[in-house]
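Fold and geometry: a report
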Amino acid sequence: QKEVEQNSGPLSVPEGAIASLNCTYSDRGSQSFFWYRQYSGKSPELIMFIYSNGDKEDGRFTAQLNKASQYVSLLIRDSQPSDSATYLCAANYGGSQGNLIFGKGTKLSVKP
Amino acid sequence: DAGVIQSPRHEVTEMGQEVTLRCKPISGHNSLFWYRQTMMRGLELLIYFNNNVPIDDSGMPEDRFSAKMPNASFSTLKIQPSEPRDSAVYFCASSLTGPYDFSLPNTEAFFGQGTRLTVV
């Protein structure tokens, strides 16, 4: 059974702080990992994806992958109230990038 | 492009009725995905198509669910008969990719706005 696990939160951080979101996956066969952001009542939108061990940075966002530990994380620097949303971690086991197994998401709240 | 277009946005139906959800993928995209989202189970992949052909339908919960993609610009997800436990938000997503080219850039999946289905 392929699973992706996330802490449901809520995770509350003050504005300007670093938010750290974590995710583990069960199957070592996973090939790439995705972070989606979902605002309440809206559809998921991709923030970034990673498939090599190490860090990948995009603006205020950094994704980290450790395949040995089966662990993925997302760091959000200088958090803003507009970052308040549910963050979904997903794993791809081959095939199209849309063929994903999602975690249930972590709700992030950034307080002004 | 207008993005992935789903209809209807909201659907309320009675148990036992047939429900049809519709999706128009982004023009030029060759992969299409149907997902279901509930509080209990999160976001689950039901089925995906590549070049109009179903590649993996292992996520389809029961024979009551069926999906078709008669052409590159249209797909349907049908539930017959519907049950209250089918109540969820159903998302359609599309991407530009080959079936195994997961590492190519610009092949992310774009989601539609979803259809909120309520079966009473």
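In this report, the structure presented in the accompanying data block is examined. (Residues numbered from 1 in each chain as written. Chains lettered and ligands numbered in written order. Predicted model: local features only at pLDDT ≥ 70, side-chain atom pairs only at ≥ 80, totals over all residues. Heavy atoms only, no water.)

**Quick word on the overall build of chain B**
- Counting secondary structure elements, chain B contains zero helices and eleven strands.
- Tracing chain B from N to C terminus, the helices and strands come up as β-β-β-β-β-β-β-β-β-β-β.
- For chain B, whose C-alpha radius of gyration is 14 Å, the value lies close to the compact-globule estimate of 14 Å for 120 residues.
- Across its three principal directions, the C-alpha atoms of chain B cover 45 × 30 × 30 Å.
- Taking all 120 residues of chain B together, 48% fall into the buried category.
- The contacts in chain B between residues at least 6 apart in sequence include a share of 57% that link residues at least 24 apart.
- As presented, chain B carries roughly 6000 Å² of accessible surface, and 52% of it is formed by carbon and sulfur atoms.
- Positive and negative side-chain charges in chain B, numbering 10 and 13 respectively, have mean positions lying 4 Å apart. (Helix = DSSP H or I, 4+ residues; strand = E, 2+ residues; numbered from the N terminus. Rg over C-alpha atoms; globule rule 2.2 N^0.38 Å. Buried < 20%, exposed > 50% of the residue type's maximum accessible area, 1.4 Å probe, protein only. Contact = heavy atoms within 4.5 Å. Areas by Shrake-Rupley, 256 points an atom, 1.4 Å probe, with all protein chains shown as cover. Lys, Arg positive; Asp, Glu negative; His and termini not counted. Charge placed at Lys NZ, Arg CZ, Asp CG, Glu CD.)

**What about the packing of aromatic side chains?**
- With the rule as written, the count across this model stands at ten aromatic pairs over all chains.
- Note on Phe91(B) and Phe111(B): the rings are 6.1 Å apart at their centroids and 80 degrees apart in plane angle, and the pair reads as edge-to-face. Separated by 20 residues along the polypeptide, Phe91(B) in strand 9 (residues 88-95) and Phe111(B) in strand 10 (residues 110-111) bring together distant segments of the chain. The burial state of Phe91(B) is the same as that of Phe111(B); both residues are buried.
- The structure contains a cluster of three or more aromatic residues connected by ring pairs, namely Tyr36(A), Phe102(A), Tyr35(B), Phe91(B) and Phe111(B). (Phe/Tyr/Trp six-rings, centres within 6.5 Å; stacked < 30°, edge-to-face > 60°.)

**Looking at the state of the cysteines**
- Taken as a whole and assessed by the stated rule, the structure comprises two disulfides over all chains.
- Between Cys23(A) and Cys89(A) runs a disulfide, and the two sulfur atoms are separated by 2.1 Å. The sign of the S-S torsion, about -70 degrees, decides the handedness of the disulfide formed by Cys23(A) and Cys89(A): left-handed. Placement of Cys23(A) in strand 3 (residues 19-25) and of Cys89(A) in strand 9 (residues 85-92) is noted, with a sequence separation of 66 residues between them.
- Covalently, Cys23(B) is tied to Cys92(B) through a disulfide, its sulfur atoms 1.9 Å apart. Sign of the S-S torsion, about -70 degrees for the bond between Cys23(B) and Cys92(B), identifies this disulfide as left-handed. Pair noted here: Cys23(B) is in strand 3 (residues 19-24) and Cys92(B) is in strand 9, with a separation of 69 residues, a long-range link. (Disulfide = S-S within 2.5 Å.)

**A short note on the nonpolar core**
- Counting 24 residues, the largest nonpolar core has Trp35(A), Val72(A), Leu74(A), Ile76(A) and Tyr87(A) as the members making the most contacts within it.
- Core analysis: the second largest hydrophobic core is formed by 21 residues, Val19(B), Ile47(B), Phe65(B) and Ala88(B) among them. (Core = buried A, V, L, I, M, F, W, Y, C linked by side-chain atoms within 4.5 Å.)

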